[in-house]
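Commentary on secondary and tertiary structure
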Amino acid sequence: MTGSLDFAGIGRVLGDAPSAAIVAAVCLTGAGIAYKLAIVPLHAWAPDVYEGAPALSAALVGIVPKVGAVAALVRCLGTTLPEGRPTSVALAAALSSLAVASLVVAAFTALAQRDAKRVLALSGIGHAGAMLLALAAHPGQAATAAAAYYLLTYAVANLGAFVCLAEFERERGSCSFQALAGSLRQRPVLTTLLGVFVLSLAGLPPLA
């Protein structure tokens, strides 16, 4: 519809009063990226998938798609909205609103969970919202650097937490809080490592 397959060419058309069909296509593309990031309101799949999958598979699902989605967003925003041209107020407001909604929904929904993998799924939703906040300020090197650094620290902490949970799951058959009871006494090193990774996900200095 835009006559181009590269971001820059698409961006030129989007800057020239695009048709309703092009706007709809852009919205559907954005929805696909939001689904990969598990951004509210396209987040409901994540807790069930994380809980049902083996811990290491959940780690793969929770990290790799987010890396790809953030990279796609950075590339898309950076080329369709070149450096020096401020992000439109409407786009920034939309991204910020989705980010805040993801942070709030994830935080309060996690309070009712009784499974560690479900909590990490909701943590991922909240962290995706935080990364989206940085991208709401895109284009610009500072926004890209902030999102990249956040994504790196999230990926390391999230992978570490899931590796620890994979060992508990192998031993106990579940990652429910009930199954994890007494783990500090029985597996002190593994439990301490899990605690370090979870506190890093919480953003407590100097762990992050």
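Residues numbered from 1 in each chain as written. Predicted model: local features only at pLDDT ≥ 70, side-chain atom pairs only at ≥ 80, totals over all residues. Heavy atoms only, no water.

**What about the layout of surface pockets?**
Space inside the largest pocket adds up to approximately 1,100 Å³. What lines the largest pocket is a set of 38 residues, and nearest its centre among them are V26, C27, G30, C76 and L91. Secondary-structure elements contributing two or more residues to the lining of the largest pocket are α1 (7–14), α2 (20–37), α4 (55–80) and α5 (89–110). No other element matches α2, which puts 11 residues into the lining of the largest pocket. In terms of residue class, the lining of the largest pocket is made up of 29 nonpolar, 8 polar and 1 charged. (1 Å grid on protein atoms, 1.4 Å probe; cavity = no way out; pocket = protein on both sides within 12 Å on 5 of 7 lines; lining within 4 Å. Points joined across faces, edges and corners; volume = space filled by probe spheres on them. Helix = DSSP H or I, 4+ residues; strand = E, 2+ residues; numbered from the N terminus. Nonpolar A, V, L, I, M, F, W, Y, C, P; charged D, E, K, R; others polar.)

**Digging into the packing of helix α3 (residues 45–52) against helix α6 (residues 116–135)**
Running from amino to carboxyl end, α3 crosses α6 at an angle of 140°, the nearest separation of the two axes being 8 Å. By crossing handedness, the relation of α3 to α6 is classed as right-handed. Between α3 and α6, the residues in contact are A46, P47, D48, Y50 and E51 and K117, R118, L120, A121, L122 and I125, respectively. Split into classes, the residues belonging to the contact of α3 with α6 amount to 7 nonpolar, no polar and 4 charged. (Axes fitted to C-alpha atoms, helices over the stretch in contact; angles between N-to-C directions. Left-handed = near helix turned anticlockwise from the far one by under 90°. Contact = heavy atoms within 4.5 Å.)

**Side note on unusual backbone geometry**
Between V40 and the following residue, P41, the backbone shows a cis peptide bond with an omega angle of 10°. Each neighbour pair has its own omega, and for P205 with P206 the value is 0°, a cis peptide bond. Structurally, P206 can be placed in the segment after α10 (188–201).

**So, the side chain of D115**
Topologically, D115 is positioned in the loop between α5 and α6. For the buried D115, which has no salt bridge, the nearest side chain bearing the opposite charge is K117, at an N-O separation of 5.7 Å. Here K117 takes part through its backbone nitrogen, which lies 2.9 Å from a polar atom of the side chain of D115. Within the structure, the side chain of D115 is placed 3.4 Å from the backbone nitrogen of S176, a separation counted as a polar contact. If we skip the residues at most four places from it in the chain, D115 touches E51, S174, C175, S176 and F177. (Buried < 20%, exposed > 50% of the residue type's maximum accessible area, 1.4 Å probe, protein only. Lys, Arg positive; Asp, Glu negative; His and termini not counted. Salt bridge = Lys/Arg side-chain N within 4 Å of Asp/Glu carboxyl O. Polar contact = N/O pair within 3.5 Å; in protein donor to acceptor, adjacent residues only side chain to side chain.)

Shape descriptors only; they carry no functional weight alone.
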